[in-house]
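Geometric and topological summary
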Amino acid sequence: MSEQPVLDRDRMRELFDLRNSIVMFTGGNYTDDPYPIWHELRDQAPVHAGTPHELNGIEDDLFFHGLPFPEWPHFTAFSWTACDEAYRNDIVFASSATAVDPEYEGGLRGYESSLLTMGGAEHRRYRSLVQPSFVPAKAQWWITNWMQATVDALIDTILEEGRGELNVDFCAAIPVITITGSFGIPVHQALDVRETVSDPQKMIEFLVPIVEARRDEPADDLISVLVEAEYTDEDGKIHRLSDREIYSFATLLLAAGSGTTWKQMGITLAALLQRPDVLAAVRDDRSLLKPAIEESLRWMPTDPAFARWVAEDIDFHGTHIPRGSILHINLGAANRDPSRWDRPDEYDIYRPLKPSLAFGSGPHVCLGMHVARAEMTTGIGALLDRLPNLRLDPDAEPPSPLGFYERGVMEIPVVFDA
Amino acid sequence: MSLRIDVDRESCIGSGVCLVYAPNTFVHDDDAKAVVVDGAPDDLESIQNAVQGCPTRALRLIVEDEF
């Protein structure tokens, strides 16, 4: 048995409730399948005026990356080519409102000066400081230090019961403990830190003593990497990250990495459990787990739309977009563009592997993509190793996707041979 | 016919996308820049996926005719 304390289940359910008030703001009560409308819209034109949710007939004011920004004109790209091009052209399609209007004061509070919103050379320089900790070769460092023990402990708690709920009791816990663990925060504080996700200032209180301690004596963790990271500027002067810059990066990482991987792991597990023959194939041949995860990322990315701020007038795939607009990249629609994938609506782990836009593209492509993949591989792999004859609970409601800007499944009730 | 893969180290941000699609052909050096493995052992389709998937277009695939 692992000695790692197990998380409080009731608190987990509260914090990771896909129908809670915060998720409601991103379209949490949306239960329709958005893809048929996305297919229709993409067939009509690669780019439309309007926000993604308006174009899907949602009348509520939703909040997400690039929303609401009511005073800016909004456009949405639907085709593979338009979405791919928008991601790669960071001169026209900038990552923050201030790149277009330096005086602009709205937007994501607390994340103004983070990797998410920087541009050009500044972004490149900061990203290059952290990128070496997020490359595929570092996956095993993340797994050994902050994933495996958590995964094992979570399975221990359900092992003897012969049944369980995998979305909140399993998938949700892994990313948050991985990230907070990499900051040097012990497991018993992980949920306290997760609670601060909408209040970056509060999270900094957890980080202050850790950053101070790592400056004195580095350890084998991510904060130590950040404390020791150096870059040389144009004049040959060596710089290190300030405490403030480290807090900003850490808060971004928790905000960007804890909810996304949780929901994507749930989507992947649900897709497999609802296809018992595919699940059996993956169990028997573990090399199929990689294509199963990549196909889930293509087929149902948890965050299907991100925004860019338009810095120059542009005629873009048949639509004129004026400077000062916001372009939403509907990567969910791009990932099912029939010009790129045959039978795009089918979850088919055997289709030829090709890049999708699940992690974005361009200079802001997801920094944590290999950590997210490692979490899903470690988590799902351990379930298949340790829970014999794992299957959906035939007496419970089957999992079904919900949400608009943050998609996931509510519950994944399973049974297995104890 | 032979293949050559060029890595533009200025554009490469070390995203690791190429290592996902052609894991036997690309590795990272200590600066997280992509480096091509001798002989580029993956099949052409995998290498093309890696090149096309590169988020900053840092990779170029050159097919050279040998006379």
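Here, every reference points to the structure presented above.
Everything numeric here is computed off the predicted structure, so don't read it as measured data.

1. A short note on the overall build of chain A
Looking only at helices and strands, chain A has 18 helices and 14 strands in total. For chain A, the C-alpha radius of gyration of 21 Å lies close to 22 Å, the compact-globule estimate for 418 residues. Its C-alpha atoms put chain A at 60 × 55 × 40 Å along the principal axes. Counting across all 418 residues of chain A, residues that qualify as buried make up 59%. Here the contacts in chain A between residues at least 6 apart in sequence split such that 76% fall between residues at least 24 apart. Accessible area for chain A stands at about 17,400 Å²; split by element, carbon and sulfur atoms hold 51% of it. Side-chain charges in chain A split into 36 positive and 66 negative, and the spacing between the mean points of these groups amounts to 4 Å.

2. Here's the deal with the interface of chain A and chain B
Across the boundary between the two partners, chain A contributes 22 residues, which contact 24 residues of chain B. Across the interface of chain A and chain B, roughly 1,600 Å² is buried in total on both sides, 54% from carbon and sulfur atoms. Considering only the surface of chain A that becomes buried against chain B, A:Arg88, A:Arg124 and A:Pro355 emerge as the three largest contributors, covering 33% of it. At the surface where chain A touches chain B, the tally comes to zero salt bridges. On the surface where chain A and chain B come into contact, there are nine residue pairs in polar contact (both at pLDDT 80 or more). Those elements that provide at least two residues to the side of chain A that touches chain B are α5 (80-88), α7 (120-130), α16 (289-299) and α18 (369-386) of chain A. A total of three residues in the side of chain A that touches chain B trace back to one element, the largest contributor, which is α18(A). A class-by-class count of the residues in the side of chain A that touches chain B yields nine nonpolar, five polar and eight charged.

3. Side note on the state of the cysteines
Enumeration according to the criterion identifies zero disulfides over all chains in this entry. Sulfur of A:Cys366: no disulfide; nearest cysteine sulfur belongs to B:Cys54 and is 15 Å away. Using a relative accessible area of 28% as the deciding quantity, one classes A:Cys366 as partly exposed. A disulfide-free cysteine, B:Cys12 has its sulfur positioned 6.6 Å from the sulfur of B:Cys54, the nearest such atom. Relative accessible area serves as the criterion here: at 7%, B:Cys12 is assigned to the buried category.

4. Things to note about the side chain of A:Asp337
Residue and element names in this part refer to chain A. Along the chain, the position of Asp 337 falls in the loop between α17 (331-334) and α18. Of the side chains bearing the opposite charge, Arg 42 lies closest to the buried Asp 337, which forms no salt bridge; the N-O distance is 4.2 Å. Contacts of Asp 337, omitting those with residues within four sequence positions, involve Arg 42, Ser 79 and Trp 80.

5. Looking at the packing of helix α12 (residues 200-216) of chain A against helix α14 (residues 243-273) of chain A
Residues and elements named next belong to chain A. The interhelical angle for the contact between α12 and α14, taken along N-to-C directions, is 125 degrees, at an axis separation of 9 Å. Taken as axis vectors, α12 and α14 run oblique relative to one another. In the packing of α12 onto α14, the handedness of the crossing is right-handed. The residues of α14 that touch α12, namely those facing Pro 200, Met 203, Ile 204, Leu 207, Val 208, Val 211 and Arg 215, are Asp 243, Ile 246, Tyr 247, Ala 250, Thr 251 and Leu 254. Considering only residue class, the contact of α12 with α14 consists of 10 nonpolar, one polar and two charged.

6. A few points about empty space enclosed by the protein
Residue and element names in this part refer to chain A. Taken as a whole, this structure holds four cavities of 30 Å³ or more when the rule is applied. Computed from the structure, the largest cavity encloses a volume of approximately 100 Å³. Along the walls of the largest cavity sit 10 residues, with Leu 115, Met 118, Tyr 126, Glu 245 and Phe 249 positioned nearest its centre. Of all the elements in the fold, those that place two or more residues in the lining of the largest cavity are α7 and α14.

7. So, the sheet that holds strand β1 (residues 47-49) of chain A
Residues and elements named next belong to chain A. Spatially, the five strands line up as an open sheet ordered β1-β2-β10-β7-β3, and their pairing is mixed. At either margin of the open sheet sits one strand with a lone partner, and together these are β1 and β3 (93-94). Pairing of β1 with strand β2 (residues 74-77), which is carried by three bridges, proceeds in the antiparallel orientation. Bridge pairing in β2 links His 48 to Thr 76. α5 rests against β1, β2, β3, β7 (305-310) and β10 (326-330) of the sheet, and its axis sits at about 125 degrees to β10.

Quick notes on the rules
Residues numbered from 1 in each chain as written. Chains lettered and ligands numbered in written order. Predicted model: local features only at pLDDT ≥ 70, side-chain atom pairs only at ≥ 80, totals over all residues. Heavy atoms only, no water. Helix = DSSP H or I, 4+ residues; strand = E, 2+ residues; numbered from the N terminus. Rg over C-alpha atoms; globule rule 2.2 N^0.38 Å. Buried < 20%, exposed > 50% of the residue type's maximum accessible area, 1.4 Å probe, protein only. Contact = heavy atoms within 4.5 Å. Areas by Shrake-Rupley, 256 points an atom, 1.4 Å probe, with all protein chains shown as cover. Lys, Arg positive; Asp, Glu negative; His and termini not counted. Charge placed at Lys NZ, Arg CZ, Asp CG, Glu CD. Buried area = accessible area lost by both parts, 1.4 Å probe. Salt bridge = Lys/Arg side-chain N within 4 Å of Asp/Glu carboxyl O. Polar contact = N/O pair within 3.5 Å; in protein donor to acceptor, adjacent residues only side chain to side chain. Nonpolar A, V, L, I, M, F, W, Y, C, P; charged D, E, K, R; others polar. Disulfide = S-S within 2.5 Å. Axes fitted to C-alpha atoms, helices over the stretch in contact; angles between N-to-C directions. Parallel < 35°, antiparallel > 145°, perpendicular 65-115°, else oblique. Left-handed = near helix turned anticlockwise from the far one by under 90°. 1 Å grid on protein atoms, 1.4 Å probe; cavity = no way out; pocket = protein on both sides within 12 Å on 5 of 7 lines; lining within 4 Å. Points joined across faces, edges and corners; volume = space filled by probe spheres on them. Pairing = 2+ DSSP bridges.

In short, geometric facts, not functional conclusions.
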